[in-house]
Amino acid sequence: MFRAECHFPQAYTEWSKQVKKPRRAEVNYCPDYPVGHTKESLEQKRLSLLSEVKKKNKQQVVKEKMERTFAYRRHEVIEDKPFMADFKERWPALFSECEVEAEFARITTVPLISKFMQQLDHHSSQLIKEKEELLDKKLGMQTRMTPLKQKELAY
């Protein structure tokens, strides 16, 4: 019988249990730093990004800097596992609607809004059916009438 503890040191098995593993759609789970950049140089870009976020009408500059610092941000999320408040303080631009969409596309290579709408269309009939069943259980059939049933009773 194979056991990981027999073949690997205990420290390694403990570490491997703590590492966040990629999910099915995470294509760019933990990308390498861009060529010519180090952790320190990307930290400098993050600091310059903080000053750009505070300025108005700098969305294109912010978008470019967010794109360049993507690998650094992913390493931070995976390795450091920061609290949400700390992460929001370090990366405030990420919490705008356009950057949430862009970050989703960077990680999964799938556009967020169109994927969401597609899945909503796919599941909407089931959601409506479950809602009606829940209302039937709560209210009972006598008190709940759909417009179609009301028309039938009117004739």
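Values in this document were obtained by computation on a predicted structure and should not be read as measured data.

Calculation rules
Residues numbered from 1 in each chain as written. Predicted model: local features only at pLDDT ≥ 70, side-chain atom pairs only at ≥ 80, totals over all residues. Heavy atoms only, no water. Helix = DSSP H or I, 4+ residues; strand = E, 2+ residues; numbered from the N terminus. Contact = heavy atoms within 4.5 Å. Areas by Shrake-Rupley, 256 points an atom, 1.4 Å probe, with all protein chains shown as cover. Patch = residues over 30% accessible without salt bridge, like charges linked within 9 Å, V, L, I, M, F, W, Y side chains within 5 Å. Salt bridge = Lys/Arg side-chain N within 4 Å of Asp/Glu carboxyl O. Buried < 20%, exposed > 50% of the residue type's maximum accessible area, 1.4 Å probe, protein only. Polar contact = N/O pair within 3.5 Å; in protein donor to acceptor, adjacent residues only side chain to side chain. Axes fitted to C-alpha atoms, helices over the stretch in contact; angles between N-to-C directions. Parallel < 35°, antiparallel > 145°, perpendicular 65-115°, else oblique. Left-handed = near helix turned anticlockwise from the far one by under 90°. Nonpolar A, V, L, I, M, F, W, Y, C, P; charged D, E, K, R; others polar. Phe/Tyr/Trp six-rings, centres within 6.5 Å; stacked < 30°, edge-to-face > 60°. Lys NZ or Arg CZ within 6 Å of the ring centre and 35° of its normal.

(A) Structural context of the overall build of the protein chain. When its secondary structure is counted, the protein chain shows 9 helices and 0 strands. Reading the helices (α) and strands (β) of the protein chain from amino to carboxyl end gives α-α-α-α-α-α-α-α-α. Contacts in the protein chain between residues far apart in sequence, at least 24 positions, make up 53% of those at least 6 positions apart. On the protein chain, roughly 12,300 Å² of surface is accessible, and the fraction owed to carbon and sulfur atoms is 58%.

(B) Looking closely at the environment of Leu112. Looking at the secondary structure, you find Leu112 in helix H8 (residues 112–139). Through-space distance from the C-alpha of Leu112 to that of Val100 is 8.6 Å; in sequence the pair is 12 residues apart. With residues near it in sequence (within four places) discarded, Leu112 still touches Val100, Glu101 and Phe104.

(C) Looking closely at a nonpolar patch on the surface. On the surface, Ile113, Phe116, Met117, Leu120 and Leu127 cluster together to form a nonpolar patch covering roughly 460 Å² of accessible area. Structurally, Phe116 is set in helix H8. You can call Phe116 partly exposed: its relative accessible area is 49%.

(D) Quick peek at the side chain of Thr108. Relative to the helices and strands, Thr108 is located in helix H7 (residues 97–108). For Thr108, a relative accessible area of 9% puts it in the buried group. Of the polar contacts made by the side chain of Thr108, one reaches the backbone oxygen of Phe104; its length is 2.7 Å. Of note is the side chain of Thr108, whose polar atom sits 3.2 Å from the backbone nitrogen of Val110.

(E) Structural detail: the pattern of salt bridges. Per the stated rule, a full pass over the model turns up 9 salt bridges. Measuring nitrogen to oxygen at the nearest pair gives 2.7 Å for the salt bridge that ties Arg46 to Glu43. Of this pair, Arg46 and Glu43 are both found in helix H3 (residues 39–54), 3 residues apart, which corresponds to roughly one turn of the helix. In this structure Arg46 comes out as buried when scored by relative accessible area, which is 6%.

(F) Representation of the packing of H3 against helix H4 (residues 59–68) in the model. Viewed as axis vectors pointing N to C, H3 and H4 meet at an angle of 160 degrees, and their least axial separation amounts to 10 Å. Of the possible angle classes, the one that applies to H3 and H4 is roughly antiparallel. Handedness of the H3/H4 crossing: left-handed. The residues of H4 that touch H3, namely those facing Leu42, Lys45, Ser48, Leu49, Glu52 and Val53, are Val61, Val62, Lys65, Met66 and Arg68. Of the residues in the contact of H3 with H4, the class split is 6 nonpolar, 1 polar and 4 charged.

(G) Highlighting the packing of aromatic side chains. By the definition in use, this model includes 2 aromatic pairs. Where Tyr72 meets Trp91, the ring centres are 6.0 Å apart and the plane angle is 65 degrees; that geometry is what we call edge-to-face. In this pair, Tyr72 is assigned in helix H5 (residues 70–80) and Trp91 in the loop between helix H6 (84–90) and H7, connecting sequence segments 19 residues apart. There is no split in this pair, since Tyr72 and Trp91 are both buried. Consider the rings of Phe87 and Phe95, whose centres lie 6.4 Å apart with planes at 75 degrees: the pair is edge-to-face. For Phe95, a relative accessible area of 34% gives the class partly exposed. Geometry around Trp91 places Arg46 over its ring, the cationic atom sitting 6.0 Å from the centre.

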